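In case you want the letters, here they are:
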Amino acid sequence: MSGHAHHKETFITKYIFSQDHKMISKQFLITGLLMGVIGIGMSLLFRMQLAWPGESFKIFEVLLGKWAPEGVMDANIYLALVTIHGTIMVFFVLTQGLSGTFSNLLIPLQIGARDMASGFMNMLSYWMFFLSSIIMVSSLFIEAGPAAAGWTIYPPLSALAAAQPGSGLGMTLWLVSMAIFIASSLMGSLNYIVTVINLRTKGMTMTRLPLTIWALFITAVIGVVSFPVLLSAALLLIMDRSFGTSFFLSDIFIGGEVLHYQGGSPVLYEHLFWFLGHPEVYIVLLPALGITSEIIATNSRKPIFGYRAMILSILGIAFLSTIVWGHHMFVSGMNPFLGSVFTFTTLLIAIPSAVKAFNYITTIWKGNLQMNPAMLFSIGLVSTFITGGLTGIILGDSTLDINVHDTYFVVAHFHLVMGISSLYGMFAGIYHWYPKMFGRMLNKNLGYLHFWITAVAAYGVFFPMHFVGLAGVPRRYYDYTNFPLFDELQDTQVVITVFAIIAGFAQLIFLYNFFRSMFYGAPATQNPWKSNTLEWTTPVEHLHGNWPGAIPEVHRWAYDYSKLREDGEYIIPGQDFVPQTVPLIDGEEDSNH
Amino acid sequence: MTTFLAIIVLILVAIAVWQMTKIFELSQVNADNSQVANDKDNKLNGYLMFAFLVFLYILMIFSMWKWGSFLLGTPASAHGEDYDNLMAISFVLIFIVQFITQALLHYFAFKYRGEEGKKAMFLAHNNKLEVIWSIIPALTLAGLILYGLYNWVSITSIDEDEDPIVIELYAQQFNWKARYAGADNVLGDANVRLIDIAKANVLGIDESDPYAQDDKITTELHLPVGKKVLFKMRSQDVLHSAYMPHFRAQMNCVPGMITQFAFTPTVTTEEMRVDDGIVEKVNTINEIRAEKRAKGMDADPYEFDYLLLCNKICGQSHYNMQMRIVVETEEEYNAWLSEQKTFAASMGKEDTKTETTEAVAQVELVSDEEAKIIGVN
Ligand code: HEM
Ligand SMILES: [Cu+2]
Ligand SMILES: [Cu+2]
């Protein structure tokens with residue numbers, strides 16, 4: 001591929017079956033956002049049930065139909081909503097919605113490539129993602145209802161249609177959808193890896209890559225290592241379900257009869273699931289951290305503090321993330337000795353995480369902070385990442401996990417550290433790169449509103465949840481009123497739900513801003529945030545092939561913000577940033593040594 | 001009432017949003033339309049960052065004050081005290097780190113808010129600092145790990161010399177049963193393949209196993225205070241989890257496998273009912289329940305009881321799969337246990353009271369089946 005190609009484009013090749021990474025990135029983003037609307041909407045519905053258990057709501061009747069007779073939510077659909085909410089948020093919004101969008105947009109642009117290594121595979125990756133989204137959503141409309149065994153779909157509950165209505169066709173669709181999703185994710189990831197390794201422009205050494213690219217690159221590596229394991233777990237589960245094998249099942253009596261399964265173990269499934277499941281947390285989180293690194297540095301007008309330490313901690317997290325999965329299984333019945341090992345590795349992973357948090361704070365220190373909405377969301381991410389990360393110290397400790405495992409304490413923990421943090425990272429990325437994607441600016445005032453309401457409400461939802469969990473309240477309960485012990489918490493449940501509704505509505509501000517600005521936003525300038533990275537050297541108007549002329553050569557790292565010469569003047573007089581394309585000046589030392 | 005409150009809150013929020021938009025807009029008079037933050041934005045959001053820090057502090061302190069009492073209270077098992085200690089230490093550490101880091105983050109965001117012409121400090125790295133903040137967490141965590149593992153090992157290693165009382169916890173959609181090992185303290189062999197509904201052998205106990213004859217099946221879990229109990233968990237259908245929060249105890253029940261957990265109950269139900277924390281808690285709960293009753297809802301006065309809850313999603317009535325636990329003195333325990341029927345008796349091997357037992361078992365079975373079909377509501 002050279003220059004910008006001069007072949008004719010039709011509507012279909014430009015907007016639908018596009019092989020251009022920028023268009024594919026937008027496709028991922030918009031699909032991800034739509035899935036996000038569904039996922040968050042579901043959480044509001046089941047939060048209403050928790051705050052006002054058994055009460056009749058018109059909206060239940062309208063949205064859930066026969067699953068809410070007379071407007072009262074049914075117990076099975078509650079579990080189904082929780083399951084699909086979790087699945088959609090983790091996989092569809094924060095895996096492909098986040099990685100798919102920003103890997104596609106940023107990898108070619110920030111490393112200086114004309115496109116992804118394989119445009120075709122990239123297109124295929126999106127369309128498989130789209131297909132899996134459609135299947136997942138369509139499972140909501142079938143007679144027996146969608147999968148309802150939790151997003152972890154542990155067998156035998158997920159394997160036996162007799163165990164719950166959602167384990168029939170609903171579960172089949174879930175598995176099919178996820179199998180396609182995994183294929184999509186693998187194609188995307190392989191493409192990202194190959195592109196980063198092979199297509200960097202002249203001068204763009206690995207240690208000059210922006211941290212976004214490092215994060216997206218390592219995320220892809222983790223995905224390639226761990227998603228196939230989930231795929232095999234899903235395939236084995238399909239075999240158990242449909243072909244009578246006994247990988248995960250043994251000695252079961254259900255529906256008045258003994259089933260033939262013998263010799264399998266649900267614990268095996270748990271190991272396979274969490275071998276992906278835990279790395280998945282980082283697949284969701286690392287891109288957000290990479291995005292945030294970039295945005296905090298740019299908006300602090302300072303280099304990211306400890307660039308190499310940041311890379312090392314990404315690598316450390318990536319490696320450790322594959323050997324901590326057992327912390328989800330301390331009370332699964334596995335050998336307690338394994339529990340000790342996983343406690344050890346889990347608490348180790350806190351160290352690179354702590355390094356990251358400290359480095360963000362130091363980057364902000366003595367900066368000249370430009371409070372753009374992207375910056376606010378990045379600071380918000382650091383805040384929720386710390387709050388959520390700290391409780392990981394409790395959950396990672398096998399002893400302490402005994403009594404908080406599967407309670408609301410866990411729900412609070414993972415929402416803060418991975419859900420909200422990654423969502424903030426995604427928002428930060430959208431506010432920051434919107435001008436690059438759409439050639440227009442998002443309205444900043446709406447951005448501020450969106451951030452501040454969300455920031456307050458998110459803590460309002462998830463902070464109290466810790467205490468609900470510490471009081472011994474299990475998660476995935478449809479109704480707590482059978483336990484007088486939990487009566488005390490009813491007010492708190494209402495508070496949480498009210499904040500959740502506020503948080504949900506705050507996202508409408510964002511959606512309005514997002515869609516309106518596409519057409520009416522202020523036109524973007526080429527480099528609105530005065531950033532050093534290569535994507536801002538491309539024209540505002542999208543070109544196939546990205547740069548009109550030759551691809552620029554890179555001469556320095558991405559973080560020369562506010563760098564001074566010996567005489568105290570900026571490297572480029574009057575300008576506090578030095579784009580990566582600017583050669584070192586006489587006597588200047590490379591900052592990244 | 002709550003609905004009404006919620007509506008009020010929503011309206012207030014809407015007003016707040018509207019007011020905030022105005023503030024943001026006012027701060028924009030004669031600003032350019034570039035949508036890039038200017039000094040006014042930096043200042044406003046810098047101050048808001050500081051306000052947010054205050055909000056976080058208030059939230060944390062308020063939460064501890066308001067919700068601190070939701071915690072489970074006095075632990076009722078021997079290892080529970082160590083558990084609570086470890087939890088307390090971890091929490092103190094977490095709160096210290098949380099207070100400090102959030103303060104630094106938001107204060108810096110406020111202090112270093114951007115101004116036209118201000119110069120940021122160029123600081124790319126500092127090896128000493130980075131080493132320090134890798135090592136401090138590493139050491140702290142090492143301490144926590146060691147203390148945690150010490151507890152973990154002592155909780156999970158089961159010393160047969162202590163001669164624990166062996167009790168099986170049997171889970172099925174959606175109820176619990178307990179099986180006592182009887183005088184020999186050995187559970188008879190069992191497998192769900194041996195379940196024989198017609199004969200009311202609902203746990204699938206091997207009728208020919210001599211150890212099984214004196215086993216006793218109950219629907220309430222009674223434990224003698226001060227004696228170590230070894231639970232053997234079994235599940236009939238899907239995963240369940242036996243969660244006994246007051247005892248700081250939990251273990252999954254896995255079909256095809258026997259899992260185990262042991263602890264020593266240290267506080268009887270009667271003693272716990274007069275525990276200060278629990279008394280206060282129960283009073284609050286009863287006030288709430290009295291209010292509910294006044295509104296015509298059905299909410300009997302509450303008396304404290306230990307509970308076993310299912311804590312692994314297991315289907316429709318997962319949310320109501322519970323069993324009462326009674327911790328009592330050894331005499332009370334023995335008296336209660338001697339009233340329970342042995343497996344042999346319920347199978348009709350001893351001719352005493354055969355008919356009634358079978359009838360009871362049948363009734364129980366029917367209600368189980370019903371529970372499965374209609375869900376326990
Ligand atoms: C307005 C925002 C959100 C609210 C109010 C919310 C609320 C909840 C609640 C209350 C549960 C637990 C339900 C239960 O266990 O019974 C839950 C489950 C879950 N949520 Fe969210 N959530 C939100 C956003 C997110 C985000 C951004 C993520 C992304 C990671 C996420 C991922 C999950 C997952 C993985 C589960 C577990 C599902 C399961 O138990 O199978 N949620 N959510
Ligand atoms: Cu994990
Ligand atoms: Cu359950």
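Residues numbered from 1 in each chain as written. Chains lettered and ligands numbered in written order. Predicted model: local features only at pLDDT ≥ 70, side-chain atom pairs only at ≥ 80, totals over all residues. Heavy atoms only, no water.

Engineer: Just give me the short version of the overall build of chain B, but keep the residues and values in it.
Structural biologist: The secondary structure content of chain B amounts to nine helices and 10 strands. A total of 377 residues make up chain B; the buried ones form 49% of that total. Sequence-distant contacts in chain B: of pairs separated by 6 or more residues, those separated by 24 or more amount to 70%. Surface exposure of chain B reaches about 17700 Å², of which carbon and sulfur atoms provide 62%. (Helix = DSSP H or I, 4+ residues; strand = E, 2+ residues; numbered from the N terminus. Buried < 20%, exposed > 50% of the residue type's maximum accessible area, 1.4 Å probe, protein only. Contact = heavy atoms within 4.5 Å. Areas by Shrake-Rupley, 256 points an atom, 1.4 Å probe, with all protein chains shown as cover.)

Engineer: I'd like a rundown of the overall build of chain A, residues and numbers included.
Structural biologist: Within chain A, the regular secondary structure consists of 15 helices and two strands. For 593 residues, the compact-globule estimate of 2.2 N^0.38 gives 25 Å, and chain A sits close to it at 24 Å. The C-alpha extent of chain A, read off along each of the three principal axes, is 85 × 50 × 50 Å. Sequence separation of at least 24 residues holds for 78% of the intrachain contacts in chain A that already meet a minimum separation of 6. Accessible area of chain A: about 17100 Å², with a carbon and sulfur share of 68%. (Rg over C-alpha atoms; globule rule 2.2 N^0.38 Å.)

Engineer: So what's going on with the coordination of the copper ion (ligand 2)? Which residues, and what values?
Structural biologist: Residues and elements named next belong to chain A. Bound to the copper ion (ligand 2) are the protein donor atoms His278 (ND1), His327 (NE2) and His328 (NE2), situated 1.5 to 2.0 Å from the metal. Coordination of the copper ion (ligand 2) draws on donor residues from a single chain, spaced H-x48-H-H in sequence. Taken together, the residues His278 in helix α8 (residues 266–300) and His327 in the loop between α9 (307–321) and α10 (336–364) connect sequence positions 49 residues apart. Here His278 and His327 have matching classes, each one buried. (Donors = N, O, S within 2.8 Å, 3.2 Å for Na, K, Ca; no water.)

Engineer: If you had to explain the coordination of the iron atom of ligand 1 to someone new, which residues and values would you point to?
Structural biologist: All names here are of chain A. Protein-derived ligands of the iron atom of ligand 1 are His85 (NE2) and His415 (NE2), with the metal-ligand distances lying across 2.0 Å. Classification of the site at the iron atom of ligand 1 as octahedral follows from its six donor atoms and the range of 85 to 178 degrees in their angles at the metal. You can see His85 sitting in helix α4 (residues 75–111) and its partner His415 sitting in helix α13 (residues 408–438), a full 330 residues away along the chain. Grouping residues by exposure puts His85 and His415 together as buried. (Tetrahedral: all angles 85-135°; square planar, octahedral: opposite > 155°, others 65-115°.)

Engineer: Would you mind going over the site of ligand 1 in detail, with residue names and values included?
Structural biologist: Residues and elements named next belong to chain A. The immediate surroundings of ligand 1 are formed by 26 residues, with Tyr78, His85, Trp151, His415 and Arg476 found nearest. The side chain of His415 places a nitrogen or oxygen atom 2.7 Å from a nitrogen atom of ligand 1. Taking Arg475, its side chain carries an N or O atom lying 2.8 Å from an oxygen atom of ligand 1. Broken down by secondary-structure element, the contributors of at least two residues to the shell around ligand 1 are α2 (21–51), α4, α13 and α14 (444–470). For the shell around ligand 1, the per-class residue count stands at 17 nonpolar, six polar and three charged. (Near = heavy atom within 4 Å. Polar contact = N/O pair within 3.5 Å; in protein donor to acceptor, adjacent residues only side chain to side chain. Nonpolar A, V, L, I, M, F, W, Y, C, P; charged D, E, K, R; others polar.)

Engineer: Summarise the sheet that holds strand β1 (residues 165–172) of chain B; cite the residues concerned and give the values.
Structural biologist: All names here are of chain B. Strand order across the open sheet formed by five strands is β3-β2-β1-β5-β8, with mixed pairing between neighbours. At either end of the open sheet lies a strand with only one pairing partner, and these are β3 (216–218) and β8 (259–263). Strand-to-strand twist of the sheet, defined as the mean angle between neighbouring strand axes without regard to direction, takes the value 25 degrees. Here three bridges tie strand β2 (residues 175–180) to β3, and the two strands are oriented antiparallel to one another. If you follow Ala178 over to β3, its bridge partner there is Thr218. (Pairing = 2+ DSSP bridges. Axes fitted to C-alpha atoms, helices over the stretch in contact; angles between N-to-C directions.)

Engineer: Can you lay out the UniProt feature "domain: Cytochrome oxidase subunit II copper A binding" (unreviewed entry) in chain B for me, pointing to particular residues and giving the numbers?
Structural biologist: Taking the numbering used here, the UniProt-annotated feature "domain: Cytochrome oxidase subunit II copper A binding" (unreviewed entry) corresponds to residues 162–339 of chain B. As a span, residues 162–339 of chain B carries 19% helix and 31% strand, and end to end its C-alpha atoms are 26 Å apart. (UniProt positions renumbered as here; feature names shortened; annotations may be inferred.)

Engineer: Break down the packing of aromatic side chains for me, with residues and values.
Structural biologist: Enumeration over the complete set of coordinates arrives at 71 aromatic pairs over all chains. On the basis of an interplanar angle of 50 degrees and a centroid distance of 5.8 Å, the ring pair of Tyr307 of chain A and Tyr559 of chain A is categorised as tilted. Placement of the pair is Tyr307 of chain A in helix α9 and Tyr559 of chain A in the segment after α15 (490–520), with a sequence separation of 252 residues. Note on Tyr559 of chain A: relative accessible area 0%, which makes it buried. Above the face of the Phe110 of chain B ring, Arg113 of chain B is positioned so that its terminal group lies 4.8 Å from the ring centre. Positioned above the aromatic ring of Tyr570 of chain A is the side chain of Lys119 of chain B, whose terminal nitrogen or guanidinium carbon lies 4.9 Å from the ring centre. (Phe/Tyr/Trp six-rings, centres within 6.5 Å; stacked < 30°, edge-to-face > 60°. Lys NZ or Arg CZ within 6 Å of the ring centre and 35° of its normal.)

Engineer: How would you summarise the pairing of strand β7 (residues 249–253) of chain B if you had to cite specific residues and measurements?
Structural biologist: All names here are of chain B. Most of β7 is tucked away: five of the five residues are buried. Relative to β7, strand β6 (residues 240–244) runs antiparallel, the two being bridged by five bridges. Counterpart to His240 in the pairing with β7 is Cys253. Two successive antiparallel strands, β6 and β7, enclose a turn made up of four residues, where Arg248 displays a positive phi of approximately 55 degrees.

Engineer: Help me get a handle on the packing of α8 of chain A against helix α11 (residues 373–395) of chain A, residues and values and all.
Structural biologist: The relative placement of two packed helices is expressed as an angle between their axes plus a distance between the axes. Residues and elements named next belong to chain A. Contact geometry of α8 with α11 gives a least axis separation of 9 Å together with a crossing angle of 130 degrees. Relative to α11, α8 is oriented oblique. In the crossing of α8 with α11, the sense of the turn from one axis to the other is left-handed. Side by side, α8 and α11 meet where Leu285, Ala288, Leu289, Thr292, Ile295, Ile296, Asn299 and Ser300 of the first sit next to Ala374, Met375, Ser378, Leu381, Val382 and Phe385 of the second. Among the residues forming the contact of α8 with α11, the class breakdown is 10 nonpolar, four polar and no charged. (Parallel < 35°, antiparallel > 145°, perpendicular 65-115°, else oblique. Left-handed = near helix turned anticlockwise from the far one by under 90°.)

Engineer: Outline the environment of Leu29 of chain A, supporting the account with residue identities and numerical values.
Structural biologist: Residue and element names in this part refer to chain A. Topologically, Leu29 is positioned in helix α2. Taking the C-alpha atoms as reference, Leu29 lies 7.5 Å from Gly100; in sequence the two are 71 residues apart. Contact partners of Leu29, with chain neighbours within four places excluded, come to Thr101, Met426, Ile430, Met437 and Phe514.

Engineer: Could you give an account of helix α7 (residues 211–243) of chain A, naming the residues involved and the relevant values?
Structural biologist: Residue and element names in this part refer to chain A. Between its first and last C-alpha, α7 extends 46 Å over 33 residues, near the 48 Å set by a 1.5 Å rise per residue. In α7, a bend of some 30 degrees at Val224 exceeds every other bend along the element, and Pro228, a proline, comes one to four places later. At the C-terminal side of α7, Gly244 shows a positive phi close to 75 degrees. (Expected span 1.5 Å × (residues − 1). Bend = angle between axes of the 7 residues up to and from the residue.)

Engineer: Requested: an account of α10 of chain A, with residues and values cited.
Structural biologist: Residues and elements named next belong to chain A. Over its 29 residues, α10 runs 43 Å from end to end, which matches the ideal 42 Å to within 8%, given 1.5 Å per residue. Most of α10 sits out of view: 21 of its 29 residues are buried. The residue sitting at the N-terminus of α10 and contributing the capping side-chain oxygen is Asn335; that oxygen lies 2.8 Å from the backbone nitrogen of Phe337. Count one or two residues on from α10 and you reach Lys366, which has phi positive near 60 degrees.

Engineer: Now, about the nonpolar core: what can you tell me, with residues and values included?
Structural biologist: Residues Phe91 and Ile430 of chain A together with Leu169, Leu221 and Phe231 of chain B are the most contacted members of the largest nonpolar core, which totals 294 residues. Looking at this core, the element that brings in the most residues is α4 of chain A, giving 22 residues. Excluding residues within four positions of it along the chain, Ile430 of chain A makes contact with Leu29, Leu33, Phe102, Leu442, Phe510 and Phe514 of chain A. In terms of nonpolar packing, the next biggest core, distinct from the first, is built from 10 residues, Val192, Ile195, Ile205 and Phe343 of chain B among them. (Core = buried A, V, L, I, M, F, W, Y, C linked by side-chain atoms within 4.5 Å.)

Engineer: Explain the UniProt feature "domain: Cytochrome oxidase subunit I profile" (unreviewed entry) in chain A to me, and be specific about the residues and the numbers.
Structural biologist: The residues that UniProt annotates with the feature "domain: Cytochrome oxidase subunit I profile" (unreviewed entry) are residues 11–565 of chain A. Between the end C-alpha atoms of residues 11–565 of chain A the distance is 51 Å, and the span holds 65% helix and 1% strand.

Engineer: Before we move on, can you summarise the sheet that holds strand β9 (residues 306–310) of chain B with the specific residues and values?
Structural biologist: All names here are of chain B. An order of β4-β10-β9-β6-β7 is seen for the five strands of this open sheet, with the pairing classed as mixed. Edge positions in the sheet fall to β4 (221–224) and β7, since each has one partner strand and no second. Geometrically, the sheet is characterised by an average inter-axis angle of 20 degrees between neighbouring strands, direction not taken into account. Sheet strands touched by helix α7 (residues 330–339): β4 and β10 (322–328). Its angle to β4, the strand with the most contacts, is close to 140 degrees.

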